[in-house]
Amino acid sequence: MIVIAHRGASAYRPEHTLAAYELAIEMGADFIEPDLVATRDGELVARHENDVTQTTDVASRPEFADRRATRTIDGREHDGWFTEDFTLAELRTLRATERIPDVRPANGAFDGRFTVPTLQEVIDLARRADVGIYPETKHPAYFRSLGLALEEPLAAALRRNHLDRPDAPVFLQSFDPDSLRRLAALVGAPRVQLTAPSLPALELEDVAGYAQAIGPEKRQVSATFAGEAHRAGLLVHAWVFRPEDADTEAELRRFMELGVDGVFADHPDTAVAVREAWARGR
Ligand code: G3P
Ligand code: CA
C-alpha cells in the first residue's frame, strides 16, 4: 500500500508548502501531492484553491488590495484573491498561512515562512528525495475557459523532467474525466479518477479506459469495492485520512483489510506506522 502525503504533511505544516512536502518525505511518504492551479502567466503552482485568501497573507498586502474579485468557479461564487490574477512573480511575494488554524493551531507558528511552490519545485524536491509526485488538476474546465488550461503545461513539465512514461513515479489525478482523457492523450504517466459521494457515479469499466486507478472518497469504499475495482484493472487509492478522525489508526488498518492500494493522509507518519505494523503482523 502506498502512502500519499495529502497536500504534504498537512496536519503538521501549512498545506502545499515545500516544508509540508519535505516533512512528509522525512515521515516516509511514497508520494507527495500537489494540487495544481494556474497563474496569470500560465505557470502551475501548488494550491488546493485558486482563491488564496485563506492560504496566504494576500488579504493583508496593500499592494494587492485592488486584485480582490468575485468569481464563479464550477458553479459557486467566491470572493477573494485568485491565482489567475497574479503573475508567478507577484504570487511568489506572498507567504503561506495555515488554512484551518482553528483545527490545527500549532501550524500557525509557520505562517509567513514559506512561499507558494511551483510544480517544478515540487518535482525537483521529489527527485532529490526519490519519491513520487501525485499532481491533481483543480478546476480544469474553469482554467481552460480562461485560456489557462492546466493539462498542456502539466504534460510539458512531465516531459521536460522525463516523467511522462507509464512507469514514471507519477499519478495524475482529477475529479474531471475530461481532464484525465486530455492527459492520457498527452503523456503516458498513470492517471487516477477521483470520485466523491456528491458526484455522479462512474462505471469502473469506463474509468479503466483512461485511468489506471480510482480514488474514492473513503466512505465509498464498501467491503466489495476494492475487489470490483481490481477486477476492472484499477488500483484503489482512498482519500482522505486525518489525525482529527476518530481512531485514525484503526481506520487505516480497516482500509488495509479492505484491500486498498493507497491512502491519502494528512499525517503520513501514522499511515506509514500502520503499514509497518501490518507488515510485522500486528
Ligand atoms: O486528491 C485526493 C483528494 O485530495 C481530493 O480531495 O479536495 O483534498 O483535493 P482534495
Ligand atoms: Ca487533492
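Residues numbered from 1 in each chain as written. Chains lettered and ligands numbered in written order. Predicted model: local features only at pLDDT ≥ 70, side-chain atom pairs only at ≥ 80, totals over all residues. Heavy atoms only, no water.

## Quick word on the packing of aromatic side chains
Applying the stated rule across the entire model yields 9 aromatic pairs. For the ring pair Phe-175 and Trp-239, a centre distance of 5.6 Å and an interplane angle of 80° mean the geometry is edge-to-face. Here Trp-239 lies in strand β12 (residues 235–241) and Phe-175 lies in the loop between β9 (172–174) and α6 (177–186), a separation of 64 residues in the sequence. Exposure remark for Phe-175: the relative accessible area of 29% places this residue in the partly exposed category. Judged by its relative accessible area of 18%, Trp-239 falls in the buried class. Among the aromatic residues, ring-to-ring pairing joins Phe-31, Tyr-134, Phe-171 and Phe-264 into one connected group. Sitting above the plane of the Phe-86 ring, Arg-67 keeps its charged end 5.2 Å from the centroid. The ring of Phe-241 has Lys-218 lying over it, and the distance from NZ or CZ to the ring centre is 4.9 Å. (Phe/Tyr/Trp six-rings, centres within 6.5 Å; stacked < 30°, edge-to-face > 60°. Helix = DSSP H or I, 4+ residues; strand = E, 2+ residues; numbered from the N terminus. Buried < 20%, exposed > 50% of the residue type's maximum accessible area, 1.4 Å probe, protein only. Lys NZ or Arg CZ within 6 Å of the ring centre and 35° of its normal.)

## A short note on the pairing of strand β6 (residues 76–80)
Pairing of strand β5 (residues 69–73) with β6 involves 5 bridges; the strand directions are antiparallel. From the neighbouring strand, Ala-69 faces β6, where its bridge partner is Gly-80. Counted along the chain from β5 to the antiparallel partner β6, the turn is 2 residues long, and its residue Asp-74 has a positive phi close to 50°. (Pairing = 2+ DSSP bridges.)

## Some thoughts on the packing of helix α5 (residues 151–160) against α6
The geometry of α5 relative to α6 is characterised by a closest axis approach of 10 Å and an angle of 35° between their N-to-C directions. In terms of crossing hand, the pair formed by α5 and α6 is right-handed. Contacts from Glu-151, Glu-152, Leu-154, Ala-155 and Arg-159 of α5 reach α6 at Ser-179, Arg-182, Leu-183 and Leu-186. When grouped by side-chain class, the residues that make up the contact of α5 with α6 number 4 nonpolar, 1 polar and 4 charged. (Axes fitted to C-alpha atoms, helices over the stretch in contact; angles between N-to-C directions. Left-handed = near helix turned anticlockwise from the far one by under 90°. Contact = heavy atoms within 4.5 Å. Nonpolar A, V, L, I, M, F, W, Y, C, P; charged D, E, K, R; others polar.)

## A word on the coordination of the calcium ion (ligand 2)
Protein coordination of the calcium ion (ligand 2) is provided by Glu-33 (OE), Asp-35 (OD) and Glu-136 (OE), with donor distances spanning 2.1 to 2.4 Å. Considering all 6 donor atoms around the calcium ion (ligand 2), the spread of angles at the metal, 55 to 163°, places the coordination shape in the irregular class. The motif formed by the donor residues of the calcium ion (ligand 2), counted along the single chain, is E-x1-D-x100-E. You can see Asp-35 sitting in strand β3 (residues 35–38) and its partner Glu-136 sitting in strand β8 (residues 136–137), a full 101 residues away along the chain. Take Glu-136: its relative accessible area is 4%, and that puts it in the buried class. (Donors = N, O, S within 2.8 Å, 3.2 Å for Na, K, Ca; no water. Tetrahedral: all angles 85-135°; square planar, octahedral: opposite > 155°, others 65-115°.)

## So, the site of ligand 1
By nearness alone, every residue bordering ligand 1 is listed as His-6, Arg-7, Glu-33, Asp-35, His-48, Glu-136, Lys-138, Gln-173, Phe-175, Leu-194, Trp-239 and Phe-264. Between an oxygen atom of ligand 1 and a side-chain N or O atom of Arg-7, the distance comes to 2.8 Å. A distance of 2.9 Å separates an oxygen atom of ligand 1 from a polar atom in the side chain of Glu-33. Considered on its own, ligand 1 offers 280 Å² of accessible surface; in the complex 92% of this is hidden by protein. Of the residues that constitute the shell around ligand 1, the class distribution is 4 nonpolar, 3 polar and 5 charged. (Near = heavy atom within 4 Å. Polar contact = N/O pair within 3.5 Å; in protein donor to acceptor, adjacent residues only side chain to side chain. Areas by Shrake-Rupley, 256 points an atom, 1.4 Å probe, with all protein chains shown as cover.)

## A short note on the nonpolar core
Counting residues in hydrophobic clusters, the biggest one holds 75 residues, and the most contacted among them are Ile-32, Ile-133, Leu-154, Leu-158, Val-170 and Leu-172. Considering every element that reaches this core, the biggest residue donor is helix α3 (residues 119–129), with 5 residues. Leaving out residues up to four positions away in the same chain, Leu-158 has contacts with Ile-133, Leu-163, Asp-164, Val-170, Leu-172 and Val-187. Membership of the second largest hydrophobic core comes to 12 residues, among which are Phe-171, Val-192, Ala-196 and Phe-264. (Core = buried A, V, L, I, M, F, W, Y, C linked by side-chain atoms within 4.5 Å.)

## Brief notes about the side chain of Glu-15
Along the chain, Glu-15 falls in the loop between β1 (2–5) and α1 (18–26). Residue class for Glu-15 comes out buried when judged on its relative accessible area of 6%. In this structure the side chain of Glu-15 is engaged in a polar contact, spanning 3.0 Å, whose partner is the side chain of Arg-7. A polar contact is formed between the side chain of Glu-15 and the side chain of Arg-99, at a distance of 2.9 Å. Setting aside its immediate chain neighbours within four residues, Glu-15 contacts Arg-7, Ser-10, Arg-47, His-48, Glu-49, Thr-55 and Arg-99.

## A few points about α5
Listing the buried residues of α5 in full gives Glu-151, Leu-154, Ala-155, Ala-157 and Leu-158. Looking straight down α5, one finds that the buried residues subtend no more than 160° of arc, so they occupy a single side. Once α5 ends, the next one or two residues include His-162, with phi positive near 55°. (Arc of directions from axis to C-beta.)

## Points about the side chain of Asp-35
As a buried residue without a salt bridge, Asp-35 has its nearest oppositely charged side chain in Arg-7, at a separation of 4.1 Å. In terms of polar contacts, Asp-35 uses its side chain to reach the side chain of His-16, at 2.9 Å. (Lys, Arg positive; Asp, Glu negative; His and termini not counted. Salt bridge = Lys/Arg side-chain N within 4 Å of Asp/Glu carboxyl O.)

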